[in-house]
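# Remarks on the overall topology
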Amino acid sequence: MKDSNQQKAGIQLPLIAKKRKEMSSTERVQMYQRKLYLKAKQEKGFKFYILYDKIFLAFMLKEAWERVKSNGGSGGVDGVTFEAIEEAGVEEFLKELSEELRQQTYQATAVKRVWIPKSNGGKRPLGIPIIKDRVAQMACKMVIEPIFEADFEDSSYGFRPKRSGQAAIAKIKEHLKNGKTEVFDADLSKYFDTIPHDKLKIALEERIADKRVLKLVNKWLKAPIYEEGQFKGGKTNTEGVPQGGVISPLLSNLFLHLLDRIVNDSKRLFRKLGIVMVRYADDFVLMGRTLGEASIKKLKELLARMGLQLNEQKSTQIDARKKPFHFLGFVFRYDRSFKNPQGEKFWNVKPSEKSNKKIREKIGATLQQMGHYKVEVMVSELNAILRGWLNYFEIEGVSYSFVAKRKLNYYLRARLTQYFNRKSQRKSRLYRKQAFELLVSKFGLIDPIRYQPTT
């Protein structure tokens, strides 16, 4: 019997090896991630001691490269682009990175800082690591993310697999309909820049016991910032996670997971008062039938212990039945129907005016920069903008303002008329033939009013 089992095992092992060889890198990564997730889910206190060796495996780095490339973006401080790497050979690039990681000679390069304009006139910093660092971060993220995903709370929606801002909006509406209409809309002051490294390390060590992985993450946290010809920070960094790093969203979620756990703990003050939380990255709301002073005071105390601080000017507490509030580009209003102004009120959730203005400005800026582009190229770029915006604001169970679609339709008509009118001294042929209708019918331009969201 024993010999028979050994013979079967002897047959099965080559078959398993052959099957793995035939699997794509994506499939192999998913299979490994599934094992990590299930182990972490089944054993809440389990610590993972051997993870680093998986980060530099060929299939892991190959998948990391594909994901990083699909995200696009420019090169970092070394000026190396995706095209340059492909020209020199992706296989050789990944082989060299694998060897650096294996021998633990890999060093993180400085992060290039650029400033992105904000709609309020300010700017936010964006860190751009070199492509090699992005691939290494992605490989590390793919290994450790399933472990922490097994722990993360359902109230967290930002930068997580199979979760989205739309789901967060739908959950907020659900809480409002259930009577949790007292809302505290929280805004954290410079969250990414103020995450304390020592406390973040403690959060990592709750699950990760492989010192090599912890050392690798620390290299990215300590990477200097390159800005205006100067290097800043580096090994002296004690706080901050660069916005723009591949692994940064996971680390930021991990740190705020402590807050999620406390708010959702049935033995704690918040849950005893019936208070719930909906969080998307560093944006979150507390909701309840009532929000007493004690709960807000407790929130501030918790954040202070974490080394974080509320932006008092932007954080607001309201009764949503009396005053609308904004979250992730939506506005929540307790309205009566235009068709029945004396009827019962309902929760009206729609794109905020700020979001409507933003899409118009983006379309206008795109057309302004195009010049004498081919019509097909112009339609392709406009459709990418329109599709992303329309898909984001189309949520099952959430109101969508037809007025917003109609206004966008009108704006496109007027803006395209201006575009073709200025293309040359004589009127554009498209302009004379009503540009919008022709672009929709012959070139496939999206009409916001008739658009059906992709599933």
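Structural data are supplied above this passage.
This report concerns the structure included in the present document.

Rules used in this analysis
- Residues numbered from 1 in each chain as written.
- Predicted model: local features only at pLDDT ≥ 70, side-chain atom pairs only at ≥ 80, totals over all residues.
- Heavy atoms only, no water.
- Pairing = 2+ DSSP bridges.
- Helix = DSSP H or I, 4+ residues; strand = E, 2+ residues; numbered from the N terminus.
- Axes fitted to C-alpha atoms, helices over the stretch in contact; angles between N-to-C directions.
- Phe/Tyr/Trp six-rings, centres within 6.5 Å; stacked < 30°, edge-to-face > 60°.
- Lys NZ or Arg CZ within 6 Å of the ring centre and 35° of its normal.
- Salt bridge = Lys/Arg side-chain N within 4 Å of Asp/Glu carboxyl O.
- Buried < 20%, exposed > 50% of the residue type's maximum accessible area, 1.4 Å probe, protein only.
- Lys, Arg positive; Asp, Glu negative; His and termini not counted.
- Contact = heavy atoms within 4.5 Å.
- Parallel < 35°, antiparallel > 145°, perpendicular 65-115°, else oblique.
- Left-handed = near helix turned anticlockwise from the far one by under 90°.
- Core = buried A, V, L, I, M, F, W, Y, C linked by side-chain atoms within 4.5 Å.
- Expected span 1.5 Å × (residues − 1).
- Arc of directions from axis to C-beta.

### Here's the deal with the sheet that holds strand S11 (residues 346-351)
The three strands are arranged S9-S10-S11 in an open sheet whose pairing can be described as antiparallel. Strands with a single pairing partner mark the edges of an open sheet, and in this sheet they are strand S9 (325-327) and S11. Strand-to-strand twist across the sheet, computed as the mean angle between neighbouring axes with direction ignored, equals 30°. As paired elements, strand S10 (residues 330-335) and S11 share six bridges and run antiparallel to each other.

### Details of the packing of aromatic side chains
Working definition: an aromatic ring pair is given by the centre-to-centre distance plus the angle between the planes. All told, the structure shown has 15 aromatic pairs when counted by the stated rule. Members of the aromatic cluster, each reached through a chain of ring pairs, are Phe330, Trp389, Tyr392 and Phe393. Here the basic side chain of Lys39 rests over the ring of Phe46, its NZ or CZ set 4.6 Å away from the ring centre. A cation sits over an aromatic face here: Arg163 above Tyr157, 4.7 Å from the ring centre.

### Thoughts on the pattern of salt bridges
Evaluated as defined, the whole model comprises 24 salt bridges. Salt-bridge contacts for Glu145 lead to Lys141; the nearest nitrogen and oxygen are separated by 3.4 Å. With Glu145 and Lys141 both in helix H7 (residues 131-149) and four residues apart, this pair spans about one turn of that helix. Of the two residues examined, Glu145 and Lys141, each falls in the buried class.

### Quick notes on the side chain of Asp185
Looking at where Asp185 falls in the secondary structure, it is placed in strand S3 (residues 182-187). Summary of buried charges: Asp185 has no salt-bridge partner, and the nearest side chain of opposite charge, Lys323, is 9.8 Å away. Excluding its chain neighbours within four sequence positions, the residues that come into contact with Asp185 are Phe284, Val285, Lys314, Ser315, Thr316, His326 and Phe327.

### Re the packing of helix H10 (residues 197-205) against helix H11 (residues 211-221)
For the pair H10 and H11, interaxial distance at closest approach is 11 Å and the crossing angle is 150°. With respect to H11, the axis of H10 lies roughly antiparallel. In this structure, the crossing between H10 and H11 has a hand that is right-handed. Contacts from His197, Leu200, Leu204 and Glu205 of H10 reach H11 at Lys211, Leu214, Val217 and Leu221.

### With respect to the nonpolar core
Counting 80 residues, the largest nonpolar core has Leu51, Val135, Ile144 and Leu259 as the members making the most contacts within it. With 11 residues, H7 is the largest single contributor of residues to this core. If we skip the residues at most four places from it in the chain, Val135 touches Leu61, Ala64, Trp65, Val68, Phe93, Leu94 and Leu97. Ranked by size, the runner-up nonpolar core spans 44 residues in total, among them Val276, Ile363, Leu416 and Leu439.

### Notes on the sheet that holds strand S4 (residues 225-227)
What the four strands build is an open sheet, ordered S2-S1-S4-S5; its pairing is mixed. In this open sheet, the two edge strands, each paired with only one partner strand, are strand S2 (123-128) and strand S5 (230-232). Taking the axes of each pair of neighbouring strands and ignoring which way they run, one obtains an average angle of 40° across the sheet.

### A look at the environment of Ile169
Following the sequence through the fold, Ile169 ends up in helix H8 (residues 165-177). Along the primary structure Ile169 and Phe327 are separated by 158 residues, whereas in three dimensions their C-alpha atoms are 7.7 Å apart.

### As for helix H2 (residues 25-42)
For H2, with 18 residues, the first-to-last C-alpha span of 26 Å sits near the 26 Å given by 1.5 Å per residue. Turning to H2, its buried residues are Ser25, Val29, Tyr32, Gln33, Leu36 and Ala40. In a view along the axis of H2, the buried residues occupy a sector of 100°, so they form one face of it. Tucked into the core, H2 has its buried residues touching helix H3 (52-55), helix H4 (58-71) and H7.

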